[in-house]
Amino acid sequence: MRNLVVKTYSFGISGIDGYPVEVEASAVSGMPKIDLVGLPDAAVKESKDRVTSAMRNCGLRITQNHITFNLAPADIKKEGPIYDLPITVNLMLLGGHIRNNPNSSAFVGELSLSGELRGVNGVLPMAIKAREMGIRRIFVPYSNGAEAAVVDGIDVYAIKDIIELKDYLNGIIDMEPVRATAGNRNESTDFIPDFSQVMGQNEAKRAMEIAAAGSHNILLIGPPGSGKSMLAKRLPSILPDMTFEEMIETTKIHSISGILHGEGLVRTRPFRSPHHSVTAVGLGGGGTNGIRPGEVSLAHNGVLFLDELPEFSRKTLEVLRQPIEDNQITITRAGQTCTYPCSIMVAAAMNPCPCGYFGDETHQCSCSPQAIRRYLHRISGPLLDRFDIHVEVPPVRFDELRSEESAEPSAEIKKRVDAAREIQRERFKNSKTLSNSRIDAARLREFCRIDKEAEGVLRNAFEKLGMTARAYDRVLKVSRTIADLEQSEVIRAIHVLEAVQYRSLDRKYWSQ
């Protein structure tokens with residue numbers, strides 16, 4: 001027989017972006033056999049068994065020749081079961097089940113042994129890459145349809161099984177591309193806890209408002225039951241709405257991680273709260289079977305909440321130091337290198353001692369000074385320095401809990417936060433900076449202008465509190481945010497005083 005070569009397009013994932021993969025198949029005379037080349041991993045090598053069983057169970061004959069599949073480019077490792085569908089299409093082309101080569105089409109999906117398509121990870125970045133390449137249509141599993149449909153400029157077909165795909169490509173049945181709904185792009189039905197449910201704690205609420213307005217990292221310290229976790233979980237309710245670009249980037253990360261569960265865009269800012277037993281790999285990313293995003297990247301454009309901060313291992317916490325500064329994390333494993341974005345707000349909560357009642361007027365602390373010191377020093381100085389705001393959360397008084405006066409809702413706080421962010425957008429419109437917390441050290445003086453009185457207050461605080469250069473920068477940035485909330489172009493003494501107040505707890509606890 002003459003040699004037959006067919007080709008279809010598929011995709012792989014590198015970081016948070018897709019890259020094209022050409023799935024070529026060549027059939028020659030010889031013993032019936034299927035070979036896969038092009039640096040496939042174990043899951044890809046198993047595709048030939050899944051695909052051949054699925055085709056036979058669907059009544060589709062497989063050509064009895066020696067068939068070689070090449071996944072190009074051959075120097076990049078191919079991972080996962082996403083190539084089942086393009087391999088199947090090539091076999092159906094070689095077997096004559098599909099009459100015409102589906103040009104300008106791409107295929108992504110895993111097959112079950114019955115021929116049904118199972119959802120796969122990373123479909124959104126693949127669909128985006130397909131559009132960039134000029135591919136007119138992409139075929140994905142039915143459960144991934146809503147995810148891929150948010151990409152404009154390409155027809156997305158959600159397929160249930162390979163018989164449906166064969167009949168459509170042969171013109172036997174008609175199918176309509178999946179369309180993105182309004183809910184995929186704009187509206188959110190996710191429930192977010194509200195600050196109106198938090199009684200008392202006005203000082204802590206004020207600190208949370210400042211943190212949200214400038215995207216500052218915040219550390220909450222207080223005894224058990226004082227409301228630290230309750231406050232942190234309501235932080236997303238006062239953050240600015242996500243832009244469409246932020247939705248796309250966040251959804252890409254969630255798509256790669258397989259946590260979209262058939263949804264379209266991620267429309268609310270992520271709130272990730274890993275348990276303190278999380279490993280360094282779980283927090284930062286990596287893994288043995290390919291590099292995957294960690295919690296710092298899953299929280300991209302949202303909040304990473306670390307409850308019971310001293311209970312995390314020292315090794316795990318130190319993973320945070322580079323991502324907090326750079327807004328991205330680079331992971332290298334076995335010759336592979338991936339960089340994931342992680343522009344996050346870090347909110348952390350902790351007790352002041354092992355029993356939780358050090359400094360509490362209503363409970364007796366049972367910890368020795370040595371035990372308190374060991375507990376607090378699980379948090380390294382460099383990591384502590386990266387929290388812009390430190391706030392004490394005291395126990396709530398009975399009168400506050402029973403008060404008939406309603407607490408301010410998140411919607412009202414969010415209005416002030418949005419107004420402050422609008423000032424920042426205007427201020428940083430010609431730079432890559434997005435919020436006050438991200439002001440580059442080289443432009444700190446330009447963006448954080450202070451009057452003479454404020455400068456004297458800042459000098460006095462720097463000398464008396466023994467601030468580091470990083471702490472000085474962060475106090476100035478928080479002062480800038482407080483001034484923005486007050487609609488003040490110049491940072492004044494009252495703004496600096498409040499910002500310095502949020503850097504005093506490290507002296508109260510860690511200097512003991």
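Our structure's up above, just so we're on the same page.
Residues numbered from 1 in each chain as written. Predicted model: local features only at pLDDT ≥ 70, side-chain atom pairs only at ≥ 80, totals over all residues. Heavy atoms only, no water.

Quick notes on the overall build of the protein
Secondary structure summary: the protein contains 23 helices and 18 strands in total. Across the 512 residues that make up the protein, the buried fraction comes to 53%. If you sum the accessible surface of the protein, you get close to 23,100 Å²; carbon and sulfur atoms cover 48% of it. Computed over 63 positive and 64 negative side-chain charges, the inter-centroid distance for the protein is 5 Å. (Helix = DSSP H or I, 4+ residues; strand = E, 2+ residues; numbered from the N terminus. Buried < 20%, exposed > 50% of the residue type's maximum accessible area, 1.4 Å probe, protein only. Areas by Shrake-Rupley, 256 points an atom, 1.4 Å probe, with all protein chains shown as cover. Lys, Arg positive; Asp, Glu negative; His and termini not counted. Charge placed at Lys NZ, Arg CZ, Asp CG, Glu CD.)

Here's the deal with helix H2 (residues 47-57)
Considered for burial, the residues of H2 that qualify are Ser47, Arg50, Val51, Thr52, Ala54 and Met55. Tucked into the core, H2 has its buried residues touching strand E3 (33-37), helix H1 (42-45), helix H3 (84-94), strand E6 (110-111) and helix H6 (162-169). Phi turns positive, to about 75 degrees, at Gly59, one or two residues after H2. (Contact = heavy atoms within 4.5 Å.)

Considerations on the pattern of salt bridges
Taken as a whole and assessed by the stated rule, the structure comprises 32 salt bridges. Between Glu486 and Arg206 there is a salt bridge whose closest N-O contact spans 3.8 Å. Taken together, the residues Glu486 in the loop between helix H21 (469-485) and helix H22 (493-501) and Arg206 in helix H8 (residues 202-214) connect sequence positions 280 residues apart. Accessibility expressed as a relative area gives 22% for Arg206, which makes it partly exposed. Within this structure, Glu325, Arg386, Asp388, Arg470 and Arg474 form a network of salt bridges that share partners. (Salt bridge = Lys/Arg side-chain N within 4 Å of Asp/Glu carboxyl O.)

Some remarks on the environment of Ile34
Here Ile34 is to be found in strand E3. Here the alpha-carbon distance between Ile34 and Ile67, two residues 33 residues apart in the chain, equals 4.8 Å. Once you skip the residues sitting within four places of it in the chain, Ile34 turns out to touch Lys48, Thr52, Ile67, Phe69 and Leu91.

Side note on unusual backbone geometry
In this structure, the amide linkage connecting Ala72 to the following residue, Pro73, adopts the cis form with an omega of 5 degrees. Positionally, Pro73 belongs in the loop between strand E4 (66-72) and H3. Positioned with a positive phi, Leu39 is a non-glycine residue whose angle comes to about 65 degrees. Note on placement: Leu39 falls in the loop between E3 and H1. According to the relative accessible area criterion, Leu39 is partly exposed, its value standing at 45%.

Observations regarding the packing of helix H4 (residues 123-132) against helix H10 (residues 244-257)
Relative orientation of the contacting elements H4 and H10 amounts to 120 degrees, with a least axis distance of 7 Å. As the angle between them shows, H4 and H10 are arranged oblique. Between H4, through Val123, Leu124, Pro125 and Ile128, and H10, the contact on the second element is made entirely by Ile248, Thr251, Lys252, Ser255 and Ile256. Residue classes in the contact of H4 with H10 are distributed as six nonpolar, two polar and one charged. (Axes fitted to C-alpha atoms, helices over the stretch in contact; angles between N-to-C directions. Parallel < 35°, antiparallel > 145°, perpendicular 65-115°, else oblique. Nonpolar A, V, L, I, M, F, W, Y, C, P; charged D, E, K, R; others polar.)

With respect to the pairing of strand E8 (residues 137-141)
In terms of burial, E8 is a largely internal element, four of the five residues being buried. Two strands pair when backbone bridges link them, and strand E5 (residues 105-107) and E8 are joined in this way by three bridges, in the parallel orientation. Looking across to E8, one finds that Ala106 is bridged to Ile138. Bridge count for E8 against strand E9 (residues 155-159) is five bridges, and the pairing is parallel. Bridge assignment links Ile138 to a residue of E9, and that residue is Val156. (Pairing = 2+ DSSP bridges.)

Here we look at the nonpolar core
Counting residues in each nonpolar core, the largest one holds 60 residues, and the members touching the most others are Phe69, Leu91 and Phe139. Ranked by residue count, the leading element in this core is H3, at seven residues. When residues no more than four places from it in sequence are discounted, the contact partners of Leu91 are Ile34, Val51, Met55, Ile62, Ile67 and Phe69. Counting residues in each nonpolar core, the second largest holds 48 residues, with Ala207, Met208, Ala212 and Val475 among its members. (Core = buried A, V, L, I, M, F, W, Y, C linked by side-chain atoms within 4.5 Å.)

Observations concerning the packing of aromatic side chains
Under the defined criterion, the tally for this structure stands at seven aromatic pairs. Arranged with centres 4.9 Å apart and planes meeting at 85 degrees, the rings of Phe428 and Phe447 form a pair that is edge-to-face. Of this pair, Phe428 sits in the loop between helix H18 (410-427) and helix H19 (444-447) while Phe447 sits in helix H19; the two residues are 19 residues apart in sequence, bridging distant segments of the chain. Of the two residues, Phe428 and Phe447, both sit in the buried class. The side chain of Lys160 reaches across the aromatic face of Tyr142, ending 5.1 Å from its centre. (Phe/Tyr/Trp six-rings, centres within 6.5 Å; stacked < 30°, edge-to-face > 60°. Lys NZ or Arg CZ within 6 Å of the ring centre and 35° of its normal.)

Quick notes on the layout of surface pockets
Computed from the structure, the largest pocket encloses a volume of approximately 1,000 Å³. Lining the largest pocket are 38 residues, with Ser343, Leu434, Ser435, Ser437 and Arg438 positioned closest to its centre. Taken together, the elements giving at least two residues each to the lining of the largest pocket come down to helix H14 (321-326), H18 and H21. Split by residue class, the lining of the largest pocket holds nine nonpolar, twelve polar and 17 charged. A volume near 720 Å³ is recorded for the second largest pocket. Ile13, Glu79, Asn289, Gly290 and Arg292 are, among the 34 residues lining the second largest pocket, the residues nearest its centre. Counting residues per element, the lining of the second largest pocket draws most heavily on strand E16 (residues 336-341), which supplies four residues. (1 Å grid on protein atoms, 1.4 Å probe; cavity = no way out; pocket = protein on both sides within 12 Å on 5 of 7 lines; lining within 4 Å. Points joined across faces, edges and corners; volume = space filled by probe spheres on them.)

Focus on the sheet that holds strand E14 (residues 303-306)
Pairing is parallel in the open sheet, where five strands are placed in the order E11-E14-E17-E10-E18. The open sheet has two edge strands, strand E11 (271-272) and strand E18 (389-392), and neither has a second partner. Taken together, the four bridges between strand E10 (residues 218-221) and E18 define a ladder with parallel strand orientation. Paired with Ile221 across the strands is Glu392, a residue of E18. Contacting E10, strand E17 (345-350) and E18, H8 runs over the sheet at an angle of about 165 degrees to E18.

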